Amino acid sequence: MPDRVPITVTVNGQRHVGDVEPRQLLVHFLRESLGLTGTHVGCDTSNCGACTVHLDGDAVKSCTVLAVQADGAEVTTIEGLGSEGSLHPLQEAFWEHHGLQCGYCTPGMIMAGADLLAKNPDPSEEEVREALAGNLCRCTGYHNIVKAVRSAAQEVRA
Amino acid sequence: MSTVEASEKWVGQALKRKEDPRMITGRGRYVDDMVAAGMLHMHVVRSTEAHAKIVSIDATGARELPGIFGVFTAEDLDLAAPLPMAWVPPGVELHSPEHWPLAKDEVKYVGQGVAIVLGSDKYGVVDAAEQVLVEYEPLPVVVDPEAALKEGSELVHPEFGTNKTHEWSLDGGDMDAAWQEADVVIERRIVNHRTAGAPIEPRVALADYRAGQLTLHLTSQNPHLIRLFLAGEFEMSEDHIRVVAPDVGGGFGVKISHYAEDVLVAWASKKLGRPVKWTETRSEHMSSTIHGRDQIDYVKVGAKRDGTITGLECTAIADLGAYYTLLTPFIPCFTGFVISGCYRIPNLSFKAIGVFTNKMATDATRGAGRPEATHLIEVMIEQLAAELDMDPLELRRKNFIPKEDFPAEVAIGIVYDSGDYHGSLDKLVANLDLDAFRREQAELRERGVHRGIGFSTWMEICGLAPSRVVGPSGVGLQAGFYESSYVRVHASGGVTVYSGTAPHGQGLDTSFAQIVADRLGVTPDQVDVIHGDTGTGPFGLGTYGSRSLAVGGESIARSAAKVVEKAKRIAAHQLEAAPEDIEVADGKFSVRGSPDKGMTLAEIAGGAYIPENLPEGMEPGLEETTFYDPENFVFPFGAHACVVDVDVDTGKVDIVRYLAVDDCGPAINPKLIDGQIHGGIVHAIGQALYERIHYDEDGQLVTGTFVDYALPSAADVPSFETDRTETPSPVNSLGVKGVGEAGTIAASPAIVNAVIDALRPVGVTYIDMPLSPQNVWATIQGAKGNGVPPDPGKQGGSWDEHGSGSAGSGPTSPSEGGGS
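Residues numbered from 1 in each chain as written. Chains lettered and ligands numbered in written order. Predicted model: local features only at pLDDT ≥ 70, side-chain atom pairs only at ≥ 80, totals over all residues.

### Overview of the nonpolar core
Alright, step 1. Formed by 304 residues in total, the largest nonpolar core has its most connected members in Met-42, Val-117, Val-516, Ile-751 and Val-755 of chain B.
Alright, step 2. Setting aside chain neighbours within four positions, we find Met-42 of chain B in contact with Ile-116, Leu-118, Val-125, Leu-264, Val-265, Ala-268, Val-276, Lys-277 and Trp-278 of chain B. (Core = buried A, V, L, I, M, F, W, Y, C linked by C-beta atoms within 7 Å. Buried ≥ 20, exposed ≤ 12 C-beta atoms within 10 Å, placed from the backbone. Contact = placed C-beta atoms within 7 Å.)

### Some remarks on the domain arrangement of chain B
Accessible area lost upon the coming together of the parts is a frequently used measure of interface size.
Residue and element names in this part refer to chain B.
Alright, step 1. By the assigned domains, chain B splits into domain 1 (20–27 + 482–628), domain 2 (34–139 + 200–250 + 255–288) and domain 3 (291–464 + 632–817).
Alright, step 2. Here the C-alpha centroids of domain 1 and domain 3 sit 41 Å apart.
Alright, step 3. With 16 residues of domain 1 at the interface, the matching set in domain 3 holds 17 residues.
Alright, step 4. Broken down by secondary-structure element, the contributors of at least two residues to the side of domain 1 that touches domain 3 are α15 (508–520) and α16 (548–575).
Alright, step 5. No other element matches the six residues that α16 contributes to the side of domain 1 that touches domain 3. (Domains from an automatic or database assignment. Helix = DSSP H or I, 4+ residues; strand = E, 2+ residues; numbered from the N terminus.)

### Considering helix α13 (residues 434–446) of chain B
Residue and element names in this part refer to chain B.
Alright, step 1. Between its first and last C-alpha, α13 extends 19 Å over 13 residues, near the 18 Å set by a 1.5 Å rise per residue.
Alright, step 2. Of all 13 residues in α13, zero are buried; the element is thus mostly exposed.
Alright, step 3. One or two positions beyond α13, positive phi appears at Gly-448, with a value near 85 degrees. (Expected span 1.5 Å × (residues − 1).)

### A short note on the interface of chain B and chain A
Alright, step 1. Listed as interface residues are 45 residues of chain B and, on the opposing side, 49 residues of chain A.
Alright, step 2. Here the side of chain B that touches chain A takes six residues from helix α18 (residues 670–690) of chain B, the largest share from any one element.

### Here we look at the domain arrangement of chain A
Residues and elements named next belong to chain A.
Alright, step 1. Splitting chain A by domain gives domain 1 (5–79) and domain 2 (82–157).
Alright, step 2. Each of domain 1 and domain 2 has a C-alpha centre, and these two points are 21 Å apart.
Alright, step 3. Each side of the interface is counted separately: domain 1 has 15 residues, and domain 2 has eleven residues.
Alright, step 4. Here the side of domain 1 that touches domain 2 takes three residues from strand β3 (residues 52–55), the largest share from any one element.

### Concerning the packing of helix α3 (residues 89–96) of chain A against helix α6 (residues 143–157) of chain A
Each pair of packed helices can be summarised by the angle the axes make with each other and by the distance between the axes.
Residue and element names in this part refer to chain A.
Alright, step 1. Running from N to C, α3 and α6 cross one another at 135 degrees; their axes reach a closest spacing of 8 Å. By the angle between their axes, α3 is oblique relative to α6. Crossing hand, α3 versus α6: right-handed. Along the contact surface, α3 presents Pro-89, Leu-90, Ala-93 and Phe-94, while α6 presents Ala-148, Val-149, Ser-151, Ala-152, Glu-155 and Val-156.
Alright, step 2. Here the contact of α3 with α6 is composed, by residue class, of eight nonpolar, one polar and one charged. (Axes fitted to C-alpha atoms, helices over the stretch in contact; angles between N-to-C directions. Parallel < 35°, antiparallel > 145°, perpendicular 65-115°, else oblique. Left-handed = near helix turned anticlockwise from the far one by under 90°. Nonpolar A, V, L, I, M, F, W, Y, C, P; charged D, E, K, R; others polar.)

### Focus on the packing of helix α11 (residues 392–399) of chain B against helix α12 (residues 421–432) of chain B
All names here are of chain B.
Alright, step 1. Between α11 and α12, whose axes approach to 10 Å, the crossing angle comes to 160 degrees. When the axes of α11 and α12 are compared, the pair comes out roughly antiparallel. Our pair here, α11 against α12, has a crossing hand that is left-handed. Across from Leu-393, Arg-396 and Arg-397 in α11, the residues of α12 making contact are His-422, Leu-425 and Val-429.

### A few points about the sheet that holds strand β8 (residues 184–196) of chain B
By definition, the strands of a sheet pair up through backbone hydrogen bonds, in either a parallel or an antiparallel sense.
Residue and element names in this part refer to chain B.
Alright, step 1. Read across the open sheet, the five strands follow the order β7-β15-β14-β13-β8; overall the sheet is mixed. Each of the sheet's edge strands pairs with one partner strand only, and the pair in question is β7 (164–172) and β8. Here the average twist between neighbouring strands, direction ignored, is 10 degrees.
Alright, step 2. Pairing between β7 and strand β15 (residues 348–356): eight bridges, direction antiparallel. Following the sheet pairing, Gly-172 is matched in β15 by Leu-348.
Alright, step 3. In this fold helix α10 (residues 370–388) packs onto β8, β13 (291–303) and β14 (309–321), with an angle of close to 145 degrees to the strand it touches most, β8. (Pairing = 2+ DSSP bridges.)

### Observations regarding the pairing of β15 of chain B
In the case of a regular strand, side chains alternate between the two sheet surfaces.
Residues and elements named next belong to chain B.
Alright, step 1. By the criterion of burial, β15 is predominantly enclosed, with eight of the nine residues buried.
Alright, step 2. In this sheet, β15 lies alongside β14 in parallel orientation, the contact comprising nine bridges. When the bridges of β15 are listed, Cys-314 appears paired with Phe-350.
Alright, step 3. Following the chain from β14 across helix α9 (residues 331–337) to the adjacent parallel β15, one finds a crossover that is right-handed. (Right-handed = clockwise from strand over helix to strand, strands pointing away.)

### Describing the sheet that holds strand β4 (residues 106–107) of chain B
Residue and element names in this part refer to chain B.
Alright, step 1. In spatial order, the strands read β4-β2-β6; together these three strands make up an open sheet with antiparallel pairing. In this open sheet, the two strands that pair with only one neighbour each are β4 and β6 (133–138).
Alright, step 2. Inspection of the sheet shows strand β2 (residues 52–58) paired to β6 by six bridges, in the antiparallel sense. Along β6, the bridge assignment pairs Ala-52 with Pro-138.

What follows is the structure, encoded as structure tokens:
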């Protein structure tokens, strides 16, 4: 068994102290050690983006980050973005515009969208599509996802 | 059944989904989110060879690692039955190899399970699996399905003496007459290459066997069938098994089949006395979850000079892989069921020839045989139009089955329930402004921009299905195809609806609630829909074949009608009126003409559960069950148009506009219909432009991850212009037809036709999918006479040499491919 390494990560505002294998992926730390199962795994090559979370304010694919790399960092997952009763404008917009079907890619898609809106509050359709190119969805054909992100952008600006 | 007039208050509204609040907040519950105390992880050691004898398996090193609870091979498995294949076609000789969850003696495709490793740590089982040493003695590999059919080919299953699995045909009319009457006959070899269903959630199974009871949480489209199969394999009574499909992250057909891993986790849990979970990696998904399509279609069409089609003939060579999953050899037959398309064709002949190769099995993926049919028919229509120098839409209109002919029997004996093919095409052309497009196209061509337009007027057969047609003595599937439901009104007036379907993204919690809310005079919020758990309701057949609304929804509507009938009798009794005078309006069951004299559903339910004042002889309670078996399939249809720009220097295709007019009957929830169409179209765009499962000459899977297998991203596709016509189906009381597969069945020929239209000025008259830049560029070069383009991906060709061409593709140059 490889040596374990102590880490401290603040996830959704809550400080967690963990003892992890150096090779453990951040996504597995979140899902399995912390039970935050809203972050999903859809591939093993960092293509699908279902595991997208925010690491110190930037969207990352948490299957491509080791848990030890998140030591001392702040992580936001879908569970920390908003909750029933106080939804983030993107969560509202995905619901309103039917931006999800099976819901599996949705957390990653919303986290990628949130990162975009933080950096570009008024993206064009093309900019939304480019920004989400690292997040795959097999259900929606992206039409309503793009609509939802642009609508949320308007909401955030208002 | 009494006829209930629904108030139609909720049906037809674009309601937001009931499913979404948990999913947008990360609180969905998928199988991989579940953990059981004491749970072990399973890892499957898979074959690295396409065809080889297993000389030895040495797991000594793996067993010695800490946290490893066992390594098992085929020898250890004591199962009463192999994996099922559910098609026994009457009168057809079909070679069916035994298919066990782990390979015995030989492996026959890359990715086939050889051993399982069980351990307490998710990473630890992967470490241990690397210590399982499997020695193989390679055997000859069969990759090209056409070569596999030739005399003297190496054999995948030598015991059958052939690689041909079966032949199945469907005919109508007289083909000799078809060719004699024709002024023009054209032939094409159309390749519909192998693809992956690729839901973003891979397959996951979590089994917990304890004290004679087995619970399996599974990413499944049909938990009841899985339970039935497990009962056979473990010689257990069905009632001792519970299969649960919670939130399922997409299916697209690949979660219909009963897979090896479903059995292996259950077996290991029983063996080791621990819950066992297996989570598929994407790489495993690409190699060991079923693939779709993979037909080579030899198509011949004849027509008179005025465009009247006299006959269509198709022989489909279907590459089925090494073993069958649930429906493998049946899927190509689906192509035959819709071989007439939207057209009145007097003479039709379809033949499917199945072939074993050293590859993963093909089976149902979104559309299952029908995308192949639409593709070959709609590509041939535009090829024929070019040959006749006729407008492709005029050619279609000339041969459409007219609206007034429905229900319409086509030459192969299938009766289409409803249709208005001229109607959807007319609406499409109006939305498109075709005249303006043609002017723009001409101007762009002068400026060197290669813009093209392609069409697809599609129909399909779905809503599986009448048991008498599809069942054992009909087509030969070993099951019934009804759907079960119950509608339960609780004592306080809340409603639970159970459906035997197993939705996984379709939004049926919402649309089913809309149907029931109207009938019971409540709101959709008061209606909870449950499904996907064999412990909660009667035997159901699941979600596939665009059946959930047309069969499952109708079943629910009938259960609701029965509840309403009983509720009316209770209300009538308590209000001292006749049951036939009770009407449901504004949330109340009231006496006609006296709207203030009425009872809410909650008041009626209270009376039903505290039965002090019920009509004489009435049982207490308020719930009803239905098993609905339809009289016919349903036949949705529509018209699609795709506009593309092709960069002739690089071969890159850009979709500029995509328009669709589809008809699935009256909309229950238009938002959900649009969503299904969008997703379906992009699934087909994926096949047409990007996606392809490719095996090399050694049977190695080259496209084994999402790096090599290109799913379209948001940046690769446009927004869509969708519209509808509504032609009710006479088959069910809702008038509805399926829509889950529609977009995928429709779209690929529109894209291919558009690219051919764009490239006609440079001499290209035909091209096979996928329309990768290399394939398109090489085809342009061939048309310009710059040498014959490489056969883009003849199975067995190397990836580097052939790029991402189409599997098993044959001649694609105009000279060889039979261009006009």
